[in-house]
Amino acid sequence: MSRRKTTKPSKATKSDSVLPLETPQSSSADGKLRIAIFLTFGLIVAAIFGVIYFLPMPQAPTLVAAPATLKPEAVSPFAHREYVGANACTQCHRSEFESWAGSHHALAMQEANAQTVLGDFNDAKFKHHDVESSFFKRDGKFMVRTDGLDGNLADFPIKYTFGVTPLQQYLIEFPGGRYQALGIAWDSRKQSEGGQRWFHLYPHEKVDHSDQLHWTGRYQNWNLQCAECHSTHLKKGYDTATDSYKTTFSAINVSCESCHGPASQHIEWSKWAQPPYAQGDDKGLAVHLQSRWREAWKFPASDAKFAQRDQPAADALMNTCWACHARRSTLAEGGLPGLPLEDTHRPALLTQPTYYADGQQRDEDYTWGSFRQSKMFQKGVTCLDCHEPHTLKLRAEGNALCTRCHNAAEFDSSKHHFHKLGSKGTQCIDCHAPEQNYMVIDGRHDHSFRLPRPDLSQSLGSPNACTQCHQIRKPEWAAAAMDEWYGKAWRERPHYGNTLHAGAAQGIKALPALLDLAQDSTSPAIVRATAITFIEPLMRPEFLTAARLLLQDADPSVRIAALGLVEAIDPVNRVLAAAPLLADPIRGVRIEAARMLADVPNSQFPASRLSAHESAIKEYQDYLTINADWPSENVNLGNFLLRQGNSQAAVSAYERALTLDPRFAGAYVNLADIYRQQGREDEGEKQLRRGLALLPSAADLHHALGLSLVRQGKAPAALAELAMAAKLAPDNTRYAYVHAVGLHSAGERREALAVLKKIDARHPYDLDILGALISMQREAGDAKAALAYARKASEALPDDAGIKRMVEELEDKK
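Now for a look at the structure at hand. Here, residues in each chain are numbered from 1, in the same order as that chain's written sequence. Residue-level local features of this predicted model are given only where pLDDT is at least 70; pairs of side-chain atoms are given and counted only at 80 or more, and the full residue set underlies all totals for whole chains, interfaces and linings. Based on all heavy atoms of the structure, the side-chain values leave hydrogens and waters out of the count.

We now examine the overall build of the protein chain. The numbering of helices and of strands both runs from the N terminus, where a helix is a DSSP run of H or I of at least 4 residues and a strand a run of E of at least 2. Regarding its fold elements, the protein chain presents 37 helices and 20 strands. On C-alpha atoms alone, the protein chain measures out to a radius of gyration of 28 Å, which is about the 28 Å that the 2.2 N^0.38 rule sets for 814 residues. In terms of overall dimensions, the protein chain has C-alpha extents of about 90 × 65 × 65 Å along its principal axes. Throughout this description, buried means an accessible area under 20% of the type-specific maximum (1.4 Å probe, protein chains only), exposed means over 50%, and partly exposed covers the range between. Every one of the 814 residues in the protein chain was classed for burial, and the buried ones make up 56%. A separation of at least 24 residues holds for 61% of the contacts in the protein chain among residues at least 6 apart in sequence. Here the protein chain carries 91 positive and 94 negative side-chain charges, and the mean point of each set is 2 Å from the other. With C-alpha atoms as the basis for the radius of gyration, the globule rule is written as 2.2 Å multiplied by the number of residues raised to the power 0.38. In what follows, a contact means two residues having at least one pair of non-hydrogen atoms within 4.5 Å. Charged residues are defined here as Lys and Arg on the positive side and Asp and Glu on the negative side; His and the ends of the chain fall outside this count. Charged groups are reduced to one reference atom each: NZ for lysine, CZ for arginine, CG for aspartic acid, CD for glutamic acid.

What follows is the structure, given as structure tokens:
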């Protein structure tokens, strides 16, 4: 789908970033995180022969091809809504306009000229690896000489500026309505802060013209990645036939109507309306936003620790911000601001590597994913309680912002923070919202506003605010200091991070805790939805009742995730469970229901559901169409067509994905799987080798090729490919399992056991691994070892009758 981040497919997989993926600087040096992030947005391997399904991939804000000037027609009041531009607001709302005029929203994107360009174009030079770029002026234009599509130096005029502080990027016009974001940016901070210099957005990587993340490539394209959130009323205008854009917007920047919606009816209303206005008069506004930030929060008593909100804030207030301030993909264009996020976008959940196991931001998450975890969100705090919406400045500086709702005597005190007055440790945000740099120099605070938990750093490997500041210290030191200050009770506070970490590391053993978390209505909905994604591959028939209850949850992200729990069940029960969601009030739920019911014939739907089914299928197809410039969505289209029985059209969709990005590994795997189904194993092998020629380190391709060679009876070559896949993806339990089975079949039983024991040490409760270990140990005559693994399986599933019988049998033979 679409989000403000760029994702790179298989070789380097970055997703969702403002043009270049905004990865923490500590993790980009070796490029390993690049690989993970791109695939984060949807690689799901299904079964041993399985297809890789790519869920919608988040996209970054893009640039518009050219500003579109919309002139509202002269119509009777309220006939329809049009975008009229910020200047139409100034007569009545001059104060707000002037506050907005210098903001990051107002300066989000501008035509390049002497007033807007901040970088040094006075024959400045910048060298990154072996490419020296020059910045200069020619005929009144700002120019850069740098490596182009073919890797050779060429001159490019700057068309637009992108952002202002702490960095400014530059957009360059290409054929086909494309605008590309230069990989070199200007550090606009003061020189005393390290600024006033050119720098590369991937400082530790050589990103040449052959790299998927080169500035001339698809994943640094403004139309694809960035435009939606940097301009108003943007229409991407992608043409599939020509792979080109006619992108338009009503305002080049984030203007009034980005948040308030099209204003034509409001303008008409203002021409005749006179105060006092009638109660319920909507004033012609498309969206009603009222924060009540001054009066909403009150301390119930003078000694109360926390202020309380007098009434819930309207959902539209937060949804307006989240449409862009979330890591997400786009479901539909043209929706009014304030709609539920899941109605227009598909937000990312708290999965690794985007987040740490405890939910802290690792890759850029744009705030939604973090803030939805916070107690502040659960208590009713909104963005506008802390941020002034026009200037985008904080309502107050420093701790004064926090003490509006947190009693200063209790919290802005050395008895709370135990740090020397005036030091960093006395600032609330340093301990509860630590900052992390993205895009090299852009510090972003973690909006989950959590309590420091150095004890979790020890067990989960997540960071903590204490040692992020005291960098030479260990988490144990920080935990001991907290014990001294607060006693040890803080360690006993339950934290969902333990359960989510177990879901990633402990396999089936984590299932009971994951189910409890998913069903815990007091936990943040985003946490519950994430827990459900861990349950999906572990789903068992006895949990179908719980899944059906989750499909009725009040939160749309939970309902979307819960649909995954019933995707693999038989069509009759799948329809019974999921068909009601085809008419869900939220588009994202309807689309996901349509996708996972796509292979069920109409004859198996109740007549009363057919209309909703047809409508939801159309919405899913529309979503695929507007995102057809994403290789991942062409793979999703192929998956959809395949589920509907149209394998030839699916092949065309996969081939188109590879035309858009020849390094998109999932498309090769899916192509090969179609040829397997058609009995054309040799053609499938050809496609996989075609992919490996470009992506020699793609574990998925090696694994799929290994399976193909097994089916062709080429055992030695197959084993080599399966071994390579397991080596390249050491935490993929399926790859290790298949490799071990192959070794065992080839008579290499000792080697097979070694592979299984190694992966079991990393992922100790995977039932496939344990089952193979039990079987091979029994075969080897080692009943004691087999019993140990059987007891381990019983520990994971204590109520499973089959495992109980196995343990009893092995105990009898011991």
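From this point, the discussion proceeds with the structure in view.
On to the state of the cysteines. Here, the term disulfide refers to a pair of cysteine sulfur atoms separated by no more than 2.5 Å. The full count for this structure, using the stated rule, is one disulfide. The disulfide that involves Cys229 links it to Cys324, with 2.3 Å between the sulfurs. Judged by the sign of its S-S torsion, about -100 degrees, the cystine formed by Cys229 and Cys324 is left-handed. Of the two residues, Cys229 is situated in helix 4 (residues 227-230) and Cys324 in the loop between helix 7 (315-322) and strand 17 (328-330); the sequence distance between them amounts to 95 residues. Lacking any disulfide linkage, Cys321 is separated from the closest cysteine sulfur, that of Cys383, by 3.9 Å.

Judged by which residues are buried, strand 10 (residues 178-181) turns out to be covered on both faces: Arg178 and Gln180 on one side and Tyr179 and Ala181 on the other are all buried. Two strands make a pair as long as DSSP finds a minimum of two bridges between them. Bridge count for strand 9 (residues 167-174) against strand 10 is four bridges, and the pairing is antiparallel. Bridge pairing in strand 10 places Ile172 opposite Gln180. Hairpin connection of strand 9 to strand 10: three residues between the antiparallel strands, including Gly176 at a positive phi of 80 degrees.

Here Asp553 is to be found in the loop between helix 22 (544-550) and helix 23 (556-563). Looking at Asp553, the relative accessible area reads 15%, which means it is buried. In contact with Asp553, other than residues within four places in its own chain, are Arg528, Val558 and Arg559.

Turning next to the nonpolar core. Considering soluble globular proteins, one finds that nonpolar side chains tend to be buried as a cluster. Core analysis: the biggest nonpolar cluster contains 137 residues, and Ile532, Leu563, Val566, Leu582, Leu597 and Leu701 have the highest contact counts within it. Val566 has contacts with Leu544, Ala547, Leu551, Arg574, Ala577, Ala578 and Met596, leaving out every residue within four places of it along the chain. Buried residues of nine kinds, namely Ala, Val, Leu, Ile, Met, Phe, Trp, Tyr and Cys, make up a nonpolar core once their side-chain atoms join them within 4.5 Å. Core analysis: the next-biggest nonpolar cluster, separate from the first, contains 17 residues, Phe121, Phe142, Ile158 and Trp198 among them.

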